[in-house]
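Residues per chain, in single letters:
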Amino acid sequence: MKYGIYFAYWEKQWDADYKKYIEKVRNLGFDVLEISCAALKNISTAEMDDLKSEARNQGITLTAGYGPSAAENLASADEAVTEHAIEFYTDILKKLEYLDIHTIGGGIYSYWPVDYSKTIDKAGDWARSVQNVRTVAKIAGECGVDYCLEVLNRFEGYILNTAKEAVQFVTEVDVPAAKVMLDTFHMNIEEDSMIDAILTAGDKLGHFHVGENNRRCPGKGTMPWAEIGHALRRVGYDKNVVMEPFVLMGGEVGSDIKIWRNLCPDEAKLDLDAKNSVAYLRHVFSGPYSDYSV
């Protein structure tokens, strides 16, 4: 497994200068930097060249995450919206291919965060999403990108809330590039058993996010990391493990993630906490508890 971190741990805006974090994460002990597709909408070829070159020079793998806007909703009942969404993802996937990025994950089958003041039609949205994700996932496959559908908690999404639902959805899509994405923060809210959820996802698991119940770095909460690591080994997961802590108030990130208090009063500790956390995960996930029975 390779270990990474989402750039937004340090940022308050989604559209940021991702390049400046590449050397930082390498120095902190990470293999992977996850960026947002937000800045890729209007990125120039020169900017993509700089980002790709810096990642190569530093030996860092880039992955991508995204929370689509309502205008990019593949589950929408409005055909104009879904047509626009397919055009949007086609452009983004071609840019990911150019950037040598082979994984995109997030609520990329619906939109985020969901507006629950509107009527929810889960069955109808599910069917439309399956159809349109099938189209986009085929494009992703042509671009060499795994299209990973993130299972979200009920407060942020409604189509996929459990690993079981995600496996069913991916099975219906029936395109190799379409895969399941799990996130321990969301799993902690929705799953009866986090271990069973990983085993349910099995070989369909394409991307894995880690974060504590309190959204801090792994090791600063109550998650059963040893058991989680063992379950990942049981299903033969050998892809990326990307931590996604959110600890800073303010800006688009703080507002969207609902950070209403500063979880890291001393911002000078951000780097140290990340460094200690990735070292901790490498140790716990490497197998010291391999005889743990799940």
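These numbers were taken from a predicted model, which means no experiment stands behind them.

Cut-offs applied
What you see as residue numbers is a count from 1 along each chain, following the sequence as written. Residues qualify for local features only when their pLDDT is at least 70, as the model is predicted, and side-chain atom pairs are given and counted only at 80 or more; totals for whole chains, interfaces and linings, by contrast, use all residues. As a convention, hydrogens and water are excluded, and side-chain values are obtained from all of the structure's heavy atoms. Helix and strand labels come from DSSP, where a helix needs a run of H or I of at least four residues and a strand needs a run of E of at least two; each type is numbered from the N terminus. Residue exposure (1.4 Å probe, protein chains only): buried if accessible area is under 20% of the type maximum, exposed if over 50%, otherwise partly exposed. Contact between two residues is taken to exist if any of their heavy atoms lie within 4.5 Å; hydrogens are not considered. Under the convention used here, a 1.4 Å probe and the Shrake-Rupley method define accessible areas, while residue burial counts only the protein chains that appear. Charge assignment in this entry is limited to Lys and Arg as positive and Asp and Glu as negative, and neither His nor the chain termini are counted. Working definition for charges: the position is that of NZ of Lys, CZ of Arg, CG of Asp or CD of Glu. Residue-level confidence of the predictor is what pLDDT reports, using numbers from 0 through 100. Each salt bridge in this description consists of a side-chain nitrogen of Lys or Arg and a carboxyl oxygen of Asp or Glu lying within 4 Å of one another. Each polar contact in these results corresponds to two N or O atoms within 3.5 Å; when the atoms are within protein, one needs to be able to donate a hydrogen and the other to accept it, and residues that are neighboring in sequence are counted only if both atoms are side-chain atoms. We define the nonpolar core as a collection of buried residues of types Ala, Val, Leu, Ile, Met, Phe, Trp, Tyr and Cys that are connected through side-chain atoms lying within 4.5 Å of one another. When DSSP finds two or more bridges between two strands, those strands count as paired. Handedness is read with the strands pointing away from the viewer; a crossover is right-handed when the path from the first strand over the helix to the second is clockwise. Every angle, taken between N-to-C directions, lies between 0 and 180 degrees, and every axis is a line fitted to C-alpha atoms, over only the stretch in contact when it is a helix. We call two directions roughly parallel when the angle between them is under 35 degrees, roughly antiparallel when it is over 145, roughly perpendicular when it lies between 65 and 115, and oblique otherwise. Take the far helix as the reference: if the near one is turned anticlockwise from it by less than a right angle, the crossing is left-handed, and if turned clockwise, right-handed. Gly is put with the polar residues, along with every residue not named as nonpolar or charged; the nonpolar set is Ala, Val, Leu, Ile, Met, Phe, Trp, Tyr, Cys and Pro, and the charged set is Asp, Glu, Lys and Arg. Pairs were defined over the aromatic rings of Phe, Tyr and Trp, the Trp ring being its six-membered one, requiring ring centres within 6.5 Å. Orientation was assigned from the angle between planes: stacked under 30 degrees, edge-to-face over 60, tilted for the rest.

Quick notes on the overall build of the protein chain
Item 1. The helix and strand tally for the protein chain stands at ten helices and eight strands.
Item 2. Dimensions of the protein chain, computed from C-alpha atoms along their principal axes, come out at roughly 50 × 50 × 35 Å.
Item 3. By residue count, 56% of the 294 residues in the protein chain fall in the buried class.
Item 4. The contacts of the protein chain with a sequence gap of at least 6 include a subset with a gap of at least 24, amounting to 77%.
Item 5. Here the protein chain has roughly 12,300 Å² of accessible surface; of this, 46% comes from carbon and sulfur atoms.
Item 6. Across the protein chain, the 31 positively charged side chains and the 45 negatively charged ones have centroids separated by 3 Å.

Some remarks on the confidence of the model for the protein chain
Item 1. Confidence in the prediction of the protein chain, expressed as mean pLDDT, is 95, and 98% of residues score 70 or more.
Item 2. Here residues 289-294 scores under 50 on pLDDT; set against residues more than four positions off or in separate chains, the count is ten contacts.

Thoughts on the pattern of salt bridges
When the charged atoms of two side chains lie near each other, side chains of opposite charge can form a pair.
Item 1. Summed over all chains, the structure comprises eleven salt bridges.
Item 2. In this structure, aspartate 271 engages lysine 24 in a salt bridge whose closest nitrogen and oxygen atoms are separated by 2.9 Å. Highlighted residues: aspartate 271 in helix 10 (residues 270-285) and lysine 24 in helix 1 (residues 22-28), separated in sequence by 247 residues.
Item 3. When salt bridges with common partners are traced through the structure, they connect Asp121, Asp125 and Arg128 into a single cluster.

What about the environment of histidine 186?
Item 1. Within the secondary structure layout, histidine 186 lies in helix 6 (residues 184-190).
Item 2. Taking C-alpha positions, histidine 186 is 11 Å from leucine 160, a pair spaced 26 residues apart along the chain.
Item 3. If sequence neighbours within four positions are ignored, histidine 186 has contacts with Glu150, Val151, Leu152, Asn153, Glu156 and Arg215.
Item 4. For histidine 186, the side chain forms a polar contact with the side chain of asparagine 153, separated by 2.9 Å.

Describing the nonpolar core
Item 1. Judged by nonpolar contacts, the single largest core of 105 residues is most densely connected at Trp14, Leu93, Ile104, Tyr147, Phe169, Leu182 and Phe208.
Item 2. Per-element tally for this core: the top contributor is helix 4 (residues 122-142), with seven residues.
Item 3. Filtering out sequence-adjacent residues up to four positions away, leucine 93 remains in contact with Ile104, Val136, Ile139, Ala140, Cys143, Val145 and Tyr147.

Side note on the pairing of strand 3 (residues 61-66)
Item 1. Most of strand 3 is tucked away: five of the six residues are buried.
Item 2. Where strand 2 (residues 32-36) meets strand 3, five bridges bridge the pair, whose relative direction is parallel. Counted as the bridge partner of serine 36 is glycine 65 from strand 3.
Item 3. With helix 2 (residues 45-58) bridging strand 2 and its parallel neighbour strand 3, the resulting β-α-β unit is right-handed.

Some words on unusual backbone geometry
Item 1. Here the bond from tryptophan 112 into proline 113 is cis, since omega is -10 degrees, no more than 30 degrees from zero.
Item 2. Among the structural elements, proline 113 can be located in the loop between strand 4 (103-106) and helix 4.
Item 3. Positive phi, normally seen in glycine, also occurs at aspartate 174, with a value near 60 degrees.
Item 4. Assignment of secondary structure puts aspartate 174 in the loop between helix 5 (163-173) and strand 6 (178-183).
Item 5. With a relative accessible area of 64%, aspartate 174 lands in the exposed category.
Item 6. Of note in the backbone geometry, lysine 258 takes a positive phi value of approximately 70 degrees without being a glycine.
Item 7. Residue classification places lysine 258 among the partly exposed positions, given a relative accessible area of 45%.

Overview of the packing of helix 3 (residues 79-98) against helix 4
Item 1. Running from N to C, helix 3 and helix 4 cross one another at 15 degrees; their axes reach a closest spacing of 9 Å. When the interaxial angle is binned, helix 3 and helix 4 end up roughly parallel. The interaxial crossing formed by helix 3 with helix 4 has right-handed handedness. Contacts between helix 3 and helix 4 pair Thr82, Ile86, Tyr89, Thr90, Leu93 and Glu97 from the former with Asn132, Thr135, Val136, Ile139, Ala140 and Glu142 from the latter.
Item 2. Residues that form the contact of helix 3 with helix 4 fall into these classes: six nonpolar, four polar and two charged.

Considering helix 5
Item 1. Every buried residue of helix 5 is listed here: Ala163, Glu165, Ala166, Val167, Phe169, Val170 and Val173.
Item 2. Structurally, helix 5 contributes buried residues whose contacts are with helix 4, strand 5 (146-150), strand 6 and helix 7 (194-201).

Description of the packing of aromatic side chains
Item 1. Across all of its chains, the model carries 17 aromatic pairs by this definition.
Item 2. Centroid distance tyrosine 3 to phenylalanine 285: 6.4 Å. Interplanar angle 45 degrees. Geometry classified as tilted. Here the residue tyrosine 3 occupies a position in strand 1 (residues 2-6), and phenylalanine 285 occupies one in helix 10, the gap between them amounting to 282 residues.
Item 3. Judged by its relative accessible area of 6%, tyrosine 3 is buried.
Item 4. Centre to centre, the rings of tyrosine 9 and tryptophan 10 are 5.0 Å apart; their planes meet at 75 degrees, and the pair counts as edge-to-face.
Item 5. Taking the relative accessible area as the measure of exposure, tyrosine 9 reaches 2% and is therefore buried.

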